[in-house]
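# Results of the structural survey
Here are the chains, one letter per residue:
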Amino acid sequence: GAGVSQSPRYKVAKRGQDVALRCDPISGHVSLFWYQQALGQGPEFLTYFQNEAQLDKSGLPSDRFFAERPEGSVSTLKIQRTQQEDSAVYLCASSAGSDTQYFGPGTRLTVL
Amino acid sequence: SQQGEEDPQALSIQEGENATMNCSYKTSINNLQWYRQNSGRGLVHLILIRSNEREKHSGRLRVTLDTSKKSSSLLITASRAADTASYFCATASDSGYALNFGKGTSLLVTP
């Protein structure tokens, strides 16, 4: 079946612009995660949803970052007033409740 | 912050050789997972080992876990050029669900 998909795959933004990154999880997966991966580093946890409820947003680096999953399926990660340090790959993962998380291909964000 | 540390940071071997990567972590865990990441692609789950397991096999992969030393190793036998990728260990705590990743080991397998 279809895996996790993310769009866009690449995004270039000018500093100060707002961006929205989309994640389509595997159908039926209850849990959804967002991670941020800087160049040469491992992914770092941003936020976690169980269905439509955002149960943990402790990894969001600032209040410019906002995530939602209004119907418990598709999720959007929004970054307001982007800064150069926001440049990274943003990974979405979903899980059926088991331990294994299935990752999407990521969105590479470059802030100029 | 990164929980795990992989060792070595980079590894270069020839096809047919075995590759061993190590991972150390800091806090108690529920399970430890290994992922592979090819250039430009997302993370692919390879294998999961639970805290009460010591060794697990999957095809050409062998994972060990030593909770007393807070360490794990991933062995890839009879490596192929297609195994070229970055390999990450990730831990999930007893109370957590988020994965804590290390910085990864970059593996290059040359024909």
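Let us look at the structure shown here. This is a predicted model, so every value here is computed, not measured. (Residues numbered from 1 in each chain as written. Chains lettered and ligands numbered in written order. Predicted model: local features only at pLDDT ≥ 70, side-chain atom pairs only at ≥ 80, totals over all residues. Heavy atoms only, no water.)

### Considerations on the overall build of chain B
A tally of regular secondary structure across chain B gives zero helices and 11 strands. Ordering the α and β elements of chain B from the N terminus gives β-β-β-β-β-β-β-β-β-β-β. A compact globule built from 111 residues would reach a C-alpha radius of gyration of about 13 Å, and chain B, at 13 Å, matches this within 12%. Seen along its three principal axes, the alpha-carbon backbone of chain B occupies a region of about 45 × 25 × 20 Å. Within chain B, contacts between residues separated by at least 24 positions form 54% of all contacts whose residues are at least 6 apart in sequence. Working note: accessible area of chain B is about 5,300 Å², and carbon and sulfur atoms make up 44% of it. Once the 12 positive and 10 negative side-chain charges of chain B are each reduced to a mean point, those two points are 4 Å apart. (Helix = DSSP H or I, 4+ residues; strand = E, 2+ residues; numbered from the N terminus. Rg over C-alpha atoms; globule rule 2.2 N^0.38 Å. Contact = heavy atoms within 4.5 Å. Areas by Shrake-Rupley, 256 points an atom, 1.4 Å probe, with all protein chains shown as cover. Lys, Arg positive; Asp, Glu negative; His and termini not counted. Charge placed at Lys NZ, Arg CZ, Asp CG, Glu CD.)

### Some remarks on the interface of chain A and chain B
If you look at the interface, chain A gives 20 residues, while chain B gives 21 residues. Around 1,500 Å² of area is buried between chain A and chain B when both sides are counted, 49% of it from carbon and sulfur atoms. Together, P43(A), D99(A) and F103(A) form the three largest contributors to the area buried by chain A at its contact with chain B, with a combined 31%. Between chain A and chain B we count zero salt bridges in total. Breaking the side of chain A that touches chain B down by element, the ones donating at least two residues are β4 (31-37), β5 (44-50) and β6 (53-56) of chain A. Partitioning the side of chain A that touches chain B into residue classes produces nine nonpolar, seven polar and four charged. (Buried area = accessible area lost by both parts, 1.4 Å probe. Salt bridge = Lys/Arg side-chain N within 4 Å of Asp/Glu carboxyl O. Nonpolar A, V, L, I, M, F, W, Y, C, P; charged D, E, K, R; others polar.)

### A closer look at the packing of aromatic side chains
Tallying each qualifying case throughout the model produces 12 aromatic pairs over all chains. Grouped by ring-pair contacts, the aromatic residues F33(A), Y35(A), F45(A), Y48(A), F103(A), Y35(B), F88(B), Y97(B) and F101(B) constitute a single cluster. (Phe/Tyr/Trp six-rings, centres within 6.5 Å; stacked < 30°, edge-to-face > 60°.)

### A few points about the nonpolar core
In this structure, L32(B), W34(B), L74(B), I76(B), Y87(B) and L107(B) are the most contacted members of the largest nonpolar core, which totals 21 residues. Of all the secondary-structure elements, those providing two or more residues to this core are β3 (19-24), β4 (31-37), β5 (43-50), β7 (61-66), β8 (71-76), β9 (85-92) and β11 (105-110) of chain B. Sequence-distant contacts of L107(B), defined by excluding residues within four places in its chain, comprise L11(B), I13(B), A19(B), M21(B), I76(B), D83(B), T84(B), A85(B) and Y87(B). Of all hydrophobic cores here, the second largest spans 20 residues; its members include V4(A), A13(A), I26(A) and L32(A). (Core = buried A, V, L, I, M, F, W, Y, C linked by side-chain atoms within 4.5 Å. Buried < 20%, exposed > 50% of the residue type's maximum accessible area, 1.4 Å probe, protein only.)

### Quick look at the sheet that holds strand β7 (residues 65-68) of chain A
Residue and element names in this part refer to chain A. Read from one edge to the other, the open sheet built from four strands follows the order β1-β3-β8-β7, with strand pairing classed as antiparallel. Because the sheet does not close on itself, it has two edges, and the strands there are β1 (5-7) and β7. The sheet shows a mean angle of 15 degrees between the axes of neighbouring strands, direction not considered. Direction of pairing for strand β3 (residues 19-24) relative to strand β8 (residues 75-79): antiparallel, over a ladder of five bridges. Bridge pairing in β8 places V19 opposite I79. (Pairing = 2+ DSSP bridges. Axes fitted to C-alpha atoms, helices over the stretch in contact; angles between N-to-C directions.)

### Observations regarding the environment of Q41(A)
Residue and element names in this part refer to chain A. Mapped onto the secondary structure, Q41 falls in the loop between β4 and β5. What makes Q41 partly exposed here is its relative accessible area of 28%. It is 10.0 Å that separates the C-alpha atoms of Q41 and A88, two residues lying 47 residues apart in sequence.

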